[in-house]
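The residues making up each chain are set out below.
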Amino acid sequence: MTILRVLLLVTLGLSAAACGKFPTYRGPAVTHVVVNKAERRMHLLSSQGVLKSYDVGLGFAPDGDKKVEGDGKTPEGSYIIDRRNPNSQFYLSIGVSYPNNEDRAEARELGKSPGGDIFIHGRPREYRKGGRDWTAGCIAVTNREIREVYSMVKNGTPITINP
């Protein structure tokens, strides 16, 4: 009876670990994230080169740099991954440090807010099957992919978003 109980507990433990929201990553450290908006591609880089690449969706008005809140553009420039949300309404999300000082100054010149809350995130149910550029300015991947990205990319990682 004791052997059966131990086997049952081990099986339940392995099942619970396999059902986690994101996998444990044990590969080379991601040292930089690069998003090329025109290609709709995001690359996770290490000192050894490109580790993974993903197709991405962008803001609903993707051409050009984000200038003000509500413009539907994904920002362009150099930022840092600065936070994470395991309970995001977009499944999982990792934050981009937009706006930086330059972004704030540009918006101030226009007399507007630069906005904020730019993330790399998954897709809520209503966007799972369609629409490439649908976010308010974020970078979207599939839920399967954000689990992987979330486990690989740590806070403090630089991110460059190119036109």
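Residues numbered from 1 in each chain as written. Predicted model: local features only at pLDDT ≥ 70, side-chain atom pairs only at ≥ 80, totals over all residues. Heavy atoms only, no water.

### Some remarks on the sheet that holds strand E6 (residues 118–121)
Our working rule: Pairing between strands is defined by DSSP: at least two bridges between the two strands are required. Numbering goes from the N terminus for both helices and strands, where a helix is a DSSP run of H or I of at least four residues and a strand is a run of E of at least two. We call two residues in contact when some of their heavy atoms are within 4.5 Å. Whenever a helix is involved, its axis is fitted only over the stretch in contact; in every case the axis is a line through C-alpha atoms, and angles between N-to-C directions fall within 0 to 180 degrees.
Within the open sheet, the eight strands sit side by side as E3-E2-E1-E8-E4-E5-E6-E7. Their pairing is mixed. Both outer strands of the open sheet, strand E3 (49–55) and strand E7 (139–140), are each paired with one neighbouring strand and no more. Where E6 meets E7, two bridges bridge the pair, whose relative direction is parallel. By the bridge assignment for E7, histidine 121 is matched with alanine 140. Against the sheet, helix H3 (residues 143–152) contacts strand E2 (41–46), E3, strand E4 (77–85), strand E5 (93–96) and E6, and its axis sits at roughly 145° relative to E3.

### With respect to the pairing of strand E8 (residues 158–162)
As paired strands, strand E1 (residues 32–36) and E8 are joined by four bridges and run parallel to one another. Within the sheet, the bridge partner assigned to asparagine 36 lies in E8 and is asparagine 162. Direction of pairing for E4 relative to E8: antiparallel, over a ladder of four bridges. In the sheet register, tyrosine 79 faces E8, and the bridge partner there is isoleucine 159.

### Remarks on unusual backbone geometry
Selection criterion: With a 1.4 Å probe rolled over the protein chains alone, any residue whose accessible area is under 20% of its type maximum counts as buried; one over 50% counts as exposed, and the rest are partly exposed.
A cis amide bond links tyrosine 98 to the next residue, proline 99, at an omega of 0°. Within the secondary structure, proline 99 sits in the loop between E5 and helix H2 (101–109). Here tyrosine 91, not a glycine, exhibits a phi torsion of approximately 80°, which is positive. Judged by relative accessible area, which is 22%, tyrosine 91 ranks as partly exposed. In this structure, aspartate 117 is a non-glycine residue whose phi angle is positive, near 55°. Structurally, aspartate 117 can be placed in the loop between H2 and E6. On the basis of relative accessible area, aspartate 117 is assigned to the exposed category, the value being 55%.

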